[in-house]
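Letter by letter, the chains look like this.
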There are 4 protein chains.
Amino acid sequence: MSHNSFGHLFRVTTWGESHGPAIGCVVDGCPPLIPLTETDIQGFMNKRKPGQSRFTTQRREPDEVKILSGVMVDEDGIQKTTGTPISLFVENTDQRSKDYSEIKDRFRPGHADFTYDAKYGIRDYRGGGRSSARETAMRVAAGAVARKVLQGVTVRGALVQVGPHKIDRANWDWAEVDNNAFFSPDAKAAAFWADYLDGIRKAGSSVGAVIEVVAEGVPAGWGAPIYGKLDTDLAAAMMSINAVKGVEVGNGFDAASLTGEDNADEIRLDDVGRPVFLSNNSGGILGGISNGDPLVVRFAVKPTSSILTERKSITSKGEEVNVMTKGRHDPCVGIRAVPVGEAMMACVLADHFLRHRGQIG
Amino acid sequence: MSHNSFGHLFRVTTWGESHGPAIGCVVDGCPPLIPLTETDIQGFMNKRKPGQSRFTTQRREPDEVKILSGVMVDEDGIQKTTGTPISLFVENTDQRSKDYSEIKDRFRPGHADFTYDAKYGIRDYRGGGRSSARETAMRVAAGAVARKVLQGVTVRGALVQVGPHKIDRANWDWAEVDNNAFFSPDAKAAAFWADYLDGIRKAGSSVGAVIEVVAEGVPAGWGAPIYGKLDTDLAAAMMSINAVKGVEVGNGFDAASLTGEDNADEIRLDDVGRPVFLSNNSGGILGGISNGDPLVVRFAVKPTSSILTERKSITSKGEEVNVMTKGRHDPCVGIRAVPVGEAMMACVLADHFLRHRGQIG
Amino acid sequence: MSHNSFGHLFRVTTWGESHGPAIGCVVDGCPPLIPLTETDIQGFMNKRKPGQSRFTTQRREPDEVKILSGVMVDEDGIQKTTGTPISLFVENTDQRSKDYSEIKDRFRPGHADFTYDAKYGIRDYRGGGRSSARETAMRVAAGAVARKVLQGVTVRGALVQVGPHKIDRANWDWAEVDNNAFFSPDAKAAAFWADYLDGIRKAGSSVGAVIEVVAEGVPAGWGAPIYGKLDTDLAAAMMSINAVKGVEVGNGFDAASLTGEDNADEIRLDDVGRPVFLSNNSGGILGGISNGDPLVVRFAVKPTSSILTERKSITSKGEEVNVMTKGRHDPCVGIRAVPVGEAMMACVLADHFLRHRGQIG
Amino acid sequence: MSHNSFGHLFRVTTWGESHGPAIGCVVDGCPPLIPLTETDIQGFMNKRKPGQSRFTTQRREPDEVKILSGVMVDEDGIQKTTGTPISLFVENTDQRSKDYSEIKDRFRPGHADFTYDAKYGIRDYRGGGRSSARETAMRVAAGAVARKVLQGVTVRGALVQVGPHKIDRANWDWAEVDNNAFFSPDAKAAAFWADYLDGIRKAGSSVGAVIEVVAEGVPAGWGAPIYGKLDTDLAAAMMSINAVKGVEVGNGFDAASLTGEDNADEIRLDDVGRPVFLSNNSGGILGGISNGDPLVVRFAVKPTSSILTERKSITSKGEEVNVMTKGRHDPCVGIRAVPVGEAMMACVLADHFLRHRGQIG
């Protein structure tokens, strides 16, 4: 019932506000004897951090992660986890609080301002406070630890749609993902999006996006019926990310339009007698349990609510006003959601890996 | 970490297999002094139970629910909850186990047979055992209790797509939902689906569907950041239903295509100074917390995997076979998923109602 | 936060009132492929059930347990667990509700009547309803399942004190425990207690008791710092049993009087180089983790609150009255607490066995 | 299943090792709008911190607590909680790691060295690492927040036994507790203990102790049957404190020796018709629910395992050695356990206060 934790055996608790002194998380349940340094984590932090291109917010957060507990240098000089909680810590450095003073009492449409006020009667309005996407930095940090737990599993994400513009799946090339500012697996789509987003950005507007995350190397048998399903936990994980409005697995919503004949993944044996699924409509999950095929999850991110066009709103004092958000924002928050989605999948898988190990000898 | 429970303060644990002697659930955390009888629950059970029309499976389960604990008749003769766990119990009566003997060792494509075997090394193959949609009967029973907790909140569901055929939202009429075999709010769509599904059924085929569930009367303030979000729990609840492959809130995946200007829900004050959202793109949730508008959730159900067309598969002994499922099945399991989706939303809301009451005085 | 569940990976949820139609529990998280029949459980039920001697209540409950889910007969005809929830069910048969009508509005001192009324405003007064020790029957049933999970671990309990009269530990003989009506490991003490309790019983009085439970065969390494300690969970488990007022591990409260020199368990190596503790002051737990020595837990049970001597009390209407409890009661509930204490230890250990398996490969 | 968290609605997660850069905790679930400053917490930190008298360890840790998140200065300049997670942070300053180098591979008898090694295969041996009582500093910090949640409830602790020497309860004076180095409510006992402990300290020995914690002002109705009992959670909370070997409520183990007549707490009405218990043998809890009387819990702390007398042990390499612990240690860790016990009770009560608020309107 802890609102700021997720996972069961691999459990992450995050804390901190956008404009407080620091943000951080505690990773509880990481097995011991896993090599882990700050460098292992920093690479993923850098992938998410703002200011990497003109298509993301121009805030400059170095996002340098520190490990404050849970590791020990062993006799061979290798720093390893000890099985105790790992405290990860990032100082907030670029806090232009003045940017936010004028929206102190104004509810920005599409943001959590109105609902936090309704629930708590008080909120840290600076940069969105706790509801800021800044919190996702700690998800990425925790995800980096989760990856270390998941030996033999590869978790990768890609942007597959920006506004109404989808990639051409025939062009999919994982190697391309690191070659453009969009984590796009389709070089052509990336080029098109660059122009398209320039227009959006200059207009002070924003658009949504769809992200696809894929995990390869997960053996059959992870997950559990009925309420501990792998896809249940993945859906929760993705929907918990800021601005996400939809999640799907495998064929997802398209499965509704198919017949049973078309949607079934037929099975055959390979040369050495191992089961092979002839298609992956299921996204690698049947009855909540992995079937050995790649796990495929997509999620939709709504357009950034902070825009330069005035929108009708009210103040916490009950006055009608028009609100325009001037701060530095992402024209498409979906871009930076790619490493966050990867991190969430890694955390869910690390959790299910440990659960599986516990339940089945 | 309990795999067969969901919810935190309003917590439901289900048990039972399709062809065992009975199925049941325990509802823990229901507040005391709420009037509750078996009749209150039975109406919802009947809505879900099979054999109601030619479009659902012809199994005949009376699904008569019994309350075994947690209630007491008070001095005025009214049976009320006592705050102790409510045990709900349904006998299984129509168990044609012979129907399933020939698939004992065969993995039906699209079903959980392969993955249960991979995970557990043993499974009750009769009717899908634990992975059968029969388990959802107890979700509906628990949902009926949840509705009693939720005074002032109305939870309703409707079928909005069958195969590729969507309703015309301009025709939406809640009153129509109980007038057709599909829980369709669009009478015309219902008529069209009847013909369409007759064809599917006669061909021994199946199709998927999309269900929309709406809750009205939820005040602003329910839910919680960051990992206890209302939409996070709703996504998990819906994805945990058998055959569900996608979940979305408000505009859902369509939000990806919109601009920030179009997706923002502007706010104004009504005649008596209360906030009014001018649109509900958010589906009633901002930052994981309800904003007072109707909650709108949709989920996609894949086509029934049990079909009369042969599909390639293997046996648990490692032989290649072709599998055709002969039992009595739903040509579109999405129909009966409507009351299940309603029940899941009611359970999530009852949970968040109690959480909200606990956290904020 | 489920009030009627305990355990994490091996999780038990109980339901039912003393005088309702039935009581039961759901055991979630039991690994698959473990042979399990009703007979395996019934033996432990019989050990706890009332009416076994003149020293326990004369209610006659056959306490016949039924398994309603979670098992399957395999190809060799052996009934085994399937990894799905195990529903255990016991009908209530000897319900003399009339015995309780006169205490409907009277708070029996020492019972939970007053506090249930304060909390819930309604309660099943018949036989104590949910607060009755009848609920412990399902703990024993769950404990029997837990024992099957715990291969190589022996859990045994004994009564070591009745009223002020302790056993002579020099006489300890486990074989004696089944030879007397008290689960006493000291035959002499059993004989003395028989006379002593006859007097207590005839006087309509009652006394308390102390129970010791010992687990042998637990390897070093089970349990976890800081809040998942093995002794933390054992303390919670024992304190949750009706009428228990104290719990201790190893030397327990006596440890307060010792010096560090006397309390330390020194370590040496045995013939084959394995660590051997030269004493077991710790009760087999250091830092919350098992050290390989027998786990030793004691708990104190208060005297039965139902006595034939009038005590001052009040009614739920706010009148002063004198209350005398006429029903059939145990002169020393501590006797029947022995199998309950064993069951709770078995459940905690099954849980920690699975946790250990999950966390450390 | 999080090993480093406790509580459900008021949930605390601690992290950090004795000789790492810092220790900290995250308090999740604290309601909003509660005034909270570092000063509110520091007073309790000072009470627990080492080096306050010659009877506690001479380590010098300033234990200055910082609040890193979860608070906001409101319009009146008052810093208040916002309902988001409160991150509390204490730097470690006095880390003489050299003291510990020689016990790197040696298992100190009575300590968790052997069991941590058995479980994890790696441990931070410096000062006990995670198993150090240093972790309890964060319990005290969290407890200070819990006290702010608990308006109208007073939680106080006292030392009632040092080695075999108990206080004279006739001398009990709460005002005396702050006048001596032992938190003793009996001035005479404090004087006696001073001499006694000087001898123990000079001999390089140690002794155990018993602490009593009392909460006044808890209304009837907090807590919940069956496994969410108030005393169950209190037992777990106290047993989770380092070196604790026993816990009891009210009469505790002495209840075993009493008759039902003597142990029952009779009830009468006071002048204004409110229920009054004529005694408090129950320690304020019946059936797991508070009855309105003071909650009384005692727990036993074993003698400090670090002593200057050699004890037989082994190394992690499997050699027999003798171990003497030279560092700076408490001759009676029970003294500093008093504020820790208070903090744990405050945390449990804050949790049950919120639970109660959620379940019963």
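Calculation rules
- The residue numbering used here restarts from 1 in each chain and proceeds along that chain's sequence as written.
- Here chains are named by letter from A upward and ligands by number from 1 upward, in the order in which they appear as written.
- Local features in this predicted model are restricted to residues whose pLDDT is 70 or higher, and side-chain atom pairs enter the listing and the counts only when it is 80 or higher, whereas totals over whole chains, interfaces and linings include all residues.
- Hydrogen atoms and water are omitted, and side-chain values are computed over all heavy atoms in the structure.
- For two strands to be treated as a pair, DSSP must find no fewer than two bridges joining them.
- Helix numbers and strand numbers start at the N terminus; a helix is a DSSP run of H or I with at least 4 residues, a strand a run of E with at least 2.
- Multiplying one less than the number of residues by 1.5 Å gives the expected span of a helix.
- The cut-offs for exposure are 20% and 50% of the maximum accessible area for each residue type, with area from a 1.4 Å probe on protein chains only; residues under the lower value are buried, those over the upper are exposed, and the others partly exposed.
- Contact criterion: two residues are considered in contact whenever any of their non-hydrogen atoms come within 4.5 Å of each other.
- Definition of a polar contact: a pair of N or O atoms within 3.5 Å, with one able to donate and the other able to accept a hydrogen when the atoms are protein atoms, and with sequence-neighbouring residues admitted only if both atoms are side-chain atoms.
- All axes are obtained by fitting lines to C-alpha atoms, using only the stretch in contact for helices, and the reported angles, taken between N-to-C directions, cover 0 to 180 degrees.
- Note on angle classes: values under 35 degrees are labelled roughly parallel, values over 145 roughly antiparallel, values of 65 to 115 roughly perpendicular, and the remainder oblique.
- Left-handed describes a crossing whose near helix is turned anticlockwise from the far helix by less than a right angle; the clockwise case is right-handed.
- Superposing copies: least-squares fit, C-alpha atoms only, residues required to have pLDDT of at least 70 in both.
- UniProt positions are given in the numbering used here, feature names are shortened, and annotations may be inferred rather than shown by experiment.
- We call Phe, Tyr and Trp rings a pair once their centres come within 6.5 Å, taking the six-membered ring for Trp, and we label the pair stacked below 30 degrees between planes, edge-to-face above 60, and tilted otherwise.
- Note on definitions: buried area is the accessible-area loss of two parts on being combined, 1.4 Å probe, summed for both.
- Each salt bridge in this description consists of a side-chain nitrogen of Lys or Arg and a carboxyl oxygen of Asp or Glu lying within 4 Å of one another.

Student: What exactly am I supposed to notice about the sheet that holds strand β7 (residues 86–91) of chain C here?
Tutor: The strands making up a sheet are joined through hydrogen bonds of the backbone, oriented either antiparallel or parallel. Residue and element names in this part refer to chain C. The antiparallel open sheet is built from 5 strands, whose spatial order is β1-β2-β3-β7-β4. Looking along the sheet, the strands with just one partner apiece sit at the ends: β1 (5–6) and β4 (65–67). Where β1 meets strand β2 (residues 11–16), 2 bridges bridge the pair, whose relative direction is antiparallel. Across the sheet, F6 pairs through a bridge with V12, a residue of β2.

Student: Before we go on, may I ask you to explain helix α4 (residues 187–202) of chain A in this structure?
Tutor: In an α-helix there are 3.6 residues to a turn, and that puts residues three or four apart on one side. All names here are of chain A. Counted at 1.5 Å a residue, the expected span for α4 with its 16 residues is 22 Å, and the 23 Å between its end C-alpha atoms agrees. Residues A189, A190, W193, A194, L197, D198 and I200 constitute the buried set of α4. Buried-residue contacts for α4 involve β8 (154–162) and β9 (165–166). Its side-chain oxygen at 3.0 Å from the backbone nitrogen of K188, D186 defines the N-terminal cap of α4. Two residues or fewer past α4, G204 is found with a positive phi of approximately 70°.

Student: Just checking my understanding: could you explain the environment of N92 of chain D for this structure?
Tutor: Residues and elements named next belong to chain D. Note that N92 resides in the loop between β7 (86–91) and α2 (113–120). Here N92 falls in the buried class, since its relative accessible area comes to 6%. Counting along the chain gives 74 residues from N92 to S18, while the straight-line C-alpha distance between them is 7.6 Å. From its side chain, N92 meets the backbone oxygen of E17 in a polar contact 3.1 Å long.

Student: Looking at this structure, how should I read the packing of helix α5 (residues 230–239) of chain C against helix α5 (residues 230–239) of chain D?
Tutor: For any two helices packed against each other, the geometry comes down to the angle between their axes and how far apart the axes lie. Where α5 of chain C meets α5 of chain D, the axes come as close as 8 Å, and the angle between the chain directions of the two elements is 155°. Taken together, the axes of α5 of chain C and α5 of chain D are roughly antiparallel relative to one another. The way α5 of chain C lies across α5 of chain D gives a crossing that is right-handed. Here D231, T232, A235, A236 and M239 of chain C of α5 of chain C come into contact with α5 of chain D, specifically with D231, T232, A235, A236 and M239 of chain D.

Student: Help me out: how do you make sense of the relation of the copies chain D and chain C in this one?
Tutor: Applying a rotation about an axis and a shift along it to one chain copy brings it onto the other copy. Mapping chain D onto chain C calls for a screw motion: a turn of 180° about the axis and a shift of 0.0 Å along it, with 0.0 Å RMSD after fitting. Interpreted geometrically, this transformation is the action of a two-fold axis. Counting the interface residues of chain D, we find that 100% of their copies in chain C are interface residues as well, pointing to one common contact surface.

Student: Help me understand the UniProt feature "binding site: FMN" (unreviewed entry) in chain A in this model?
Tutor: When the UniProt feature table is mapped onto this chain numbering, "binding site: FMN" (unreviewed entry) sits at R130, S131, S132, N242, A243, G287, K302, P303, T304, S305, S306 and R328 of chain A. Relative to the assigned elements, R130 of chain A resides in the loop between α2 (113–120) and α3 (136–149). Ignoring sequence-local partners within four residues, the contact set of R130 of chain A consists of N4, T14, W15, G16, E17, Y116 and E135 of chain A, I226 of chain B together with T84 and P85 of chain D. Side chain to side chain, R130 of chain A and N4 of chain A meet in a polar contact 2.9 Å long.

Student: I tried to follow the UniProt feature "binding site: NADP(+)" (unreviewed entry) in chain A on my own but got confused; where do I start?
Tutor: All names here are of chain A. Here, the residues flagged by UniProt with the feature "binding site: NADP(+)" (unreviewed entry) are R48 and R54. With respect to the element layout, R48 can be found in helix α1 (residues 38–48). The class of R48 is buried, set by a relative accessible area of 2%. Apart from the residues within four sequence positions on either side, R48 is in contact with D63, A133, R134, T136, A137, V140, R336, P339 and V340. Looking at R48, its side chain comes within polar contact range of the side chain of D63, at 3.4 Å. In this fold, R54 is placed in the loop between α1 and β4 (65–67). R54 sits in the partly exposed class, given a relative accessible area of 42%.

Student: Teacher, can you tell me more about unusual backbone geometry here?
Tutor: Outside of glycine, negative phi angles account for most residues, and trans bonds account for most peptide bonds. Residues and elements named next belong to chain A. Looking along the chain, the bond that leaves P225 and enters I226 is cis, with omega of 0°. Assignment of secondary structure puts I226 in the loop between β10 (209–216) and α5 (230–239). Positive phi, close to 70°, is recorded for L33, a residue that is not glycine. Among the secondary structure elements, L33 is positioned in the loop between β3 (22–28) and α1. The class for L33 is partly exposed, based on a relative accessible area of 42%.

Student: Honestly, the packing of aromatic side chains in this entry has me stumped. Any pointers?
Tutor: Describing an aromatic ring pair means giving the distance of the ring centres and the angle of the ring planes. Inspection of every chain in the model, using the stated rule, returns 36 aromatic pairs over all chains. Taking 4.6 Å as the distance between ring centres and 45° as the angle between the ring planes, the aromatic pair formed by F6 of chain A and Y227 of chain B counts as tilted. Here F6 of chain A, found in strand β1 (residues 5–6), pairs with Y227 of chain B, found in the loop between β10 (209–216) and α5 (230–239), and the two come from separate chains. No difference in accessibility class separates F6 of chain A from Y227 of chain B, as the two residues are buried. Seen from their ring centres, F277 of chain C and F114 of chain D are 5.2 Å apart, and the 90° between their planes marks the pair as edge-to-face.

Student: Is there a simple way to think about the sheet that holds strand β1 (residues 5–6) of chain D in this case?
Tutor: Residue and element names in this part refer to chain D. Read across the open sheet, the 5 strands follow the order β1-β2-β3-β7-β4; overall the sheet is antiparallel. On the outer flanks of this sheet lie β1 and β4 (65–67), each paired with one strand and no other. Alignment of strand β2 (residues 11–16) against strand β3 (residues 22–28), held across 6 bridges, turns out to be antiparallel. Paired with V12 across the two strands is V27, which belongs to β3.

Student: Explanation requested: the interface of chain D and chain C in the structure shown.
Tutor: It is common to give the size of an interface as the accessible area lost on bringing the parts into contact. At the junction of the two partners, chain D supplies 106 residues and chain C supplies 106 residues. Here chain D packs against chain C, burying approximately 8,400 Å² in sum over the two surfaces, 63% of which is carbon and sulfur. Among the residues of chain D in contact with chain C, K119, Y227 and K245 of chain D are the three that bury the most area, contributing 10% of the side total. Where chain D packs against chain C, one counts 4 salt bridges. The partner of R268 of chain D in a salt bridge is E320 of chain C, with the nearest N and O atoms 3.5 Å apart. Our enumeration of links across chain D and chain C arrives at 55 residue pairs in polar contact (both at pLDDT 80 or more).

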